[in-house]
2 protein chains.
Amino acid sequence: MTAHGADVQGGDGQAEAGSKQSAIEVPAARERARAIPEAAVARLAVYLRALSGLADQNVTTVSSDELAVAAGVNSAKLRKDLSYIGSYGTRGVGYEVAVLIGQIERTLGLTRKHSVAVVGIGNLGHALANYGGFPSRGFPVAALFDLDPDLVGVPVGGIPVSHIDDIVEVCDEREVTIGVIATPAKGAQEVCDGLVAGGVTCILNFAPVVLQVPEDVEVRKVDLAVEMQILSFHVARRQQEAATELHRSNVDGVNIGPPGGGGQMPGEVESANRMVERL
Amino acid sequence: MTAHGADVQGGDGQAEAGSKQSAIEVPAARERARAIPEAAVARLAVYLRALSGLADQNVTTVSSDELAVAAGVNSAKLRKDLSYIGSYGTRGVGYEVAVLIGQIERTLGLTRKHSVAVVGIGNLGHALANYGGFPSRGFPVAALFDLDPDLVGVPVGGIPVSHIDDIVEVCDEREVTIGVIATPAKGAQEVCDGLVAGGVTCILNFAPVVLQVPEDVEVRKVDLAVEMQILSFHVARRQQEAATELHRSNVDGVNIGPPGGGGQMPGEVESANRMVERL
DNA sequence: TCTTGTGAATGTTTTCACAGCC
DNA sequence: GGCTGTGAAAACATTCACAAGA
């Protein structure tokens, strides 16, 4: 989740909360925004996409049940999430798609453009710079940066690449709000510092490092290796469960054992360490 | 994760939990694995990376405080997370780096190889297929798929691209455990079905759709648009807070407003938008 | 009758704080 | 003295279940 986020959450994985509560009574307006749980924010974005899909099909009204199915959550959760942003439904009927889209966009701050800078124009950077869904939703790519002089000036996805040494001034000039770090781990912290110096307050980090930032800068992290390892964990868990199940069956005297060679655990710590060496 | 898993993102962001508890008494072995919270699993992967870094610098021992700093979490959380996998520290001293690496790898199932298939060899697919940190950590890329006949047979990152029509048999043959979907939203569900039919039980989905899968298949989602929108939300929240702060100052009669052009806070939404304009 | 919106209940995760051990 | 491991408390998130309103 995320550095902050991230989850993160989530998520989620991600979603490290961690903001301090002011001692005084919270004013209503501030309270409203602060009160939306991080996890709910992430889902609002998902609902928004589902709603856009419905709007494209000229659906004008949707019930919490229908929308919940489209978004892959249960309807109680969906209603609770929507309740954080206000009461825009009609009892007995459902929600007006257009209204809900408008309100979610407002809540997520999508009524304003957020200029994006992508740093590190390697494979991933290219992919991001060319990513269509990016600018289409109010996130215009305003700058690209790389270290490689051969790349500087070359347009990628329509924007010429700038040299990373100019990151502070270019970000400042073009009013970049969101920086996307797609560099190797090595240079990521330095890049991050440059972005922050250039006035960027939100960072999406694809580099496998924990970034150090001032507390008013928001970082979200997307980490391939972590995602893969989480999946790996679930494979392992399932296997272990199956093995336990099997074992119990055997103990119970009911032999449903494997026809061919058994699912064995390979040898312990050494193999693990060898793997690390390689990375 | 979020996911999940979540979530990170959170967490997650991600990290939808949702597994049912079996009614019977849990056998110890099964219990051990099930008992690790999803959020903790994601962090274990982060600790592992930090530990690998330490190992590379020939550090042999680390305290929970040091490791926590390296991983960007607080030390109580780290100790709690480690306690889920067992007691491998020494009071008054800390943890042996090598031991911890071994235990985390074992827990995450990294002592076994997990063959990966990447589907959709566009910009992102290319990036993934070439991603070095991928195979290096026990996740060899075993297959690539695309729809485009011009791409079929072309090697990308050393592996020739197969046609997507062959996805079921190729996945089966090469014993793919993890499928990575890097296609447009359009074909993603179909691809997913193919992977599942080919015996894949873990999916990392980059396509902006909610995938429908049997309950024994684990899906994690990485969603650019959602991440960007979460960041956007935080920009909006900060601005709103700043506006509220300013408003309160004015109401309190303490004028700390901007020197040029009044820092006024006229009614609600409009003013918020104007302010947004300025930032 | 149908569906929203929401308190209350439940479940999960984080944080605290300190006993136990080196 | 220092640091781990962990119960217990607090914070956070999800689910239930139903009153209120169209």
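The structure contained in this document is the topic of the report that follows. (Residues numbered from 1 in each chain as written. Chains lettered and ligands numbered in written order. Predicted model: local features only at pLDDT ≥ 70, side-chain atom pairs only at ≥ 80, totals over all residues. Heavy atoms only, no water.)

**Quick look at the environment of A:Tyr95**
All names here are of chain A.
Here is step 1 of the chain: Within the secondary structure, Tyr95 sits in strand S4 (residues 94–96).
Here is step 2 of the chain: When the C-alpha positions of Tyr95 and Ser63 are compared, they lie 6.0 Å apart, and in sequence the two are 32 residues distant.
Here is step 3 of the chain: In this structure Tyr95 touches Thr60, Thr61, Val62, Ser63, Ser64, Arg79, Leu82, Tyr88, Gly89 and Leu100, once residues within four positions along its chain are discounted. (Helix = DSSP H or I, 4+ residues; strand = E, 2+ residues; numbered from the N terminus. Contact = heavy atoms within 4.5 Å.)

**Things to note about the protein's contact with DNA strand D**
Here is step 1 of the chain: Within the structure, DNA strand D sits among 25 residues, and A:Arg43, A:Arg91, B:Ser64, B:Arg79 and B:Tyr95 are positioned closest to it.
Here is step 2 of the chain: One of the side-chain nitrogen or oxygen atoms of B:Arg91 is found 3.2 Å away from a sugar or linking oxygen of DNA strand D.
Here is step 3 of the chain: In this structure, B:Gly92 approaches DNA strand D through a main-chain N or O atom, which is 3.1 Å from a sugar or linking oxygen.
Here is step 4 of the chain: Only helix H4 (75–85) of chain A together with helix H4 (75–85), strand S2 (89–90) and strand S3 (94–96) of chain B provide two or more residues apiece to the surface near DNA strand D.
Here is step 5 of the chain: Per-element accounting of the surface near DNA strand D gives the leading share, five residues, to H4(A).
Here is step 6 of the chain: Its residues placed into classes, the surface near DNA strand D shows six nonpolar, eleven polar and eight charged. (Near = heavy atom within 4 Å. Polar contact = N/O pair within 3.5 Å; in protein donor to acceptor, adjacent residues only side chain to side chain. Nonpolar A, V, L, I, M, F, W, Y, C, P; charged D, E, K, R; others polar.)

**Considerations on the packing of helix H6 (residues 123–130) of chain A against helix H6 (residues 123–130) of chain B**
Here is step 1 of the chain: At a closest axis distance of 8 Å, the pairing of H6(A) and H6(B) adopts a crossing angle of 165 degrees. Taken together, the axis directions place H6(A) and H6(B) in an arrangement best described as roughly antiparallel. Handedness of the H6(A)/H6(B) crossing: left-handed. Across the interface between the two elements, A:Asn123, A:Leu124, A:Ala127 and A:Asn130 of H6(A) pack against B:Asn123, B:Leu124, B:His126, B:Ala127 and B:Asn130 of H6(B).
Here is step 2 of the chain: Here the contact of H6(A) with H6(B) is built from residues that sort into four nonpolar, five polar and no charged. (Axes fitted to C-alpha atoms, helices over the stretch in contact; angles between N-to-C directions. Parallel < 35°, antiparallel > 145°, perpendicular 65-115°, else oblique. Left-handed = near helix turned anticlockwise from the far one by under 90°.)

**What to know about the sheet that holds S3(B)**
Hydrogen bonds along the backbone pair up the strands of a sheet, which may run parallel or antiparallel.
Residues and elements named next belong to chain B.
Here is step 1 of the chain: Ordered in space as S1-S3-S2, the three strands form an open sheet in which the pairing is antiparallel. One side of each edge strand has no neighbouring strand; the edge strands of this open sheet are strand S1 (61–62) and S2.
Here is step 2 of the chain: Two elements, S2 and S3, share two bridges in a ladder whose sense is antiparallel. Of the residues in S3, the one forming a bridge with Gly89 is Tyr95. (Pairing = 2+ DSSP bridges.)

**Brief notes about the protein's contact with DNA strand C**
Here is step 1 of the chain: The immediate surroundings of DNA strand C are formed by 23 residues, with A:Ser64, A:Arg79, A:Gly92, A:Tyr95 and B:Arg43 found nearest.
Here is step 2 of the chain: Taken together, the sugar and phosphate atoms account for 61% of what DNA strand C places within 4 Å of the protein.
Here is step 3 of the chain: Within the backbone of A:Gly92, one N or O atom sits 3.0 Å away from a sugar or linking oxygen of DNA strand C.
Here is step 4 of the chain: Contacts to DNA strand C include B:Arg91, whose side-chain N or O atom sits 3.1 Å from a base nitrogen.

**Concerning helix H2 (residues 38–56) of chain A**
Here is step 1 of the chain: Taking 1.5 Å as the rise per residue, H2(A) with 19 residues should run 27 Å; its terminal C-alpha atoms sit 28 Å apart, in good agreement.
Here is step 2 of the chain: Residue A:Asn58 follows H2(A) closely and has a positive phi angle near 60 degrees. (Expected span 1.5 Å × (residues − 1).)

**Focus on the pattern of salt bridges**
Here is step 1 of the chain: Per the counting criterion, the structure on display carries ten salt bridges over all chains.
Here is step 2 of the chain: The shortest N-O distance in the salt bridge between A:Arg220 and B:Glu227 comes to 2.4 Å. Taken together, the positions of A:Arg220 in strand S11 (residues 218–221) and B:Glu227 in helix H9 (residues 224–251) put the pair across two chains. Judged on exposure class, the residue A:Arg220 and its partner B:Glu227 are both buried.
Here is step 3 of the chain: With a closest N to O distance of 3.4 Å, A:Lys221 and A:Asp223 form a salt bridge. An identical accessibility class is assigned to A:Lys221 and A:Asp223; each is buried.
Here is step 4 of the chain: A cluster of three or more residues bridged by salt bridges with shared partners is formed by A:Glu38, A:Arg220 and B:Glu227. (Salt bridge = Lys/Arg side-chain N within 4 Å of Asp/Glu carboxyl O. Buried < 20%, exposed > 50% of the residue type's maximum accessible area, 1.4 Å probe, protein only.)

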